[in-house]
Amino acid sequence: RVRVKDIAICAKTGTAENPHGADHSICIAFAPKENPQIALAVCVENAGWGGRAAAAIAGLLVEKHLKRRISRPWMQDYVLKGDFFH
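An account of the accompanying structure is given in this report.

Criteria and thresholds
- Residues take numbers from 1 onward in each chain, read along the sequence in its written order.
- Thresholds applied to this predicted model are a pLDDT of at least 70 for local features of residues and 80 or more for the giving and counting of side-chain atom pairs; totals over whole chains, interfaces and linings are not thresholded and use all residues.
- Hydrogens and water are ignored here; the side-chain numbers use all heavy atoms of the structure.
- Strand pairing is defined by DSSP finding a minimum of two bridges between the two strands.
- Secondary structure elements are defined from DSSP: runs of H or I of at least 4 residues count as helices, runs of E of at least 2 residues count as strands, and each element is numbered from the N terminus.
- Axis definition: a line fitted to C-alpha atoms, limited for helices to the stretch in contact. Angles are taken between N-to-C directions and run from 0 to 180 degrees.
- Residue contacts are defined here by distance: any two heavy atoms, one from each residue, within 4.5 Å place the two residues in contact.

Before going further, it helps to spend a moment on the pairing of strand E2 (residues 24-31). Looking at chain direction, strand E1 (residues 10-16) and E2 are connected through seven bridges and run antiparallel. Its bridge partner being in E2, Thr13 is matched across the sheet by Cys27. When E2 meets strand E3 (residues 38-44), the two strands line up antiparallel, connected through seven bridges. The residue bridging Ala31 from the neighbouring strand is Ile38, located in E3. Adjacent in sequence and paired antiparallel, E2 and E3 are bridged by six residues, among which Asn35 carries a positive phi angle near 60°.

A sheet is described by the order of its strands in space; here three strands give the open sequence E1-E2-E3, paired in antiparallel fashion. In this open sheet, the two strands that pair with only one neighbour each are E1 and E3. Averaged over all pairs of adjacent strands, the angle between their axes in this sheet comes to 10°, without regard to strand direction. Contacting E1, E2 and E3, helix H1 (residues 54-67) crosses the sheet at an angle of about 150° to E3.

Structure, rendered in structure tokens:
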């Protein structure tokens, strides 16, 4: 979900265990791989594993920053809906 066509994104997803509910979703990323222009850390509380919510958000943020547009409206809709468990 972090992948964006024509942008080499370096990212690591993760999950932070939460003893009080659903786990937290984490993604640390920078792009482009050569000559980075953006670095970010995304943490989404109670959203499950890292590739589910945080990676999707990171990919959209990188794309919007570097390309000034979103080419995956379905991914934007997924993130805005916020239902990361389906």
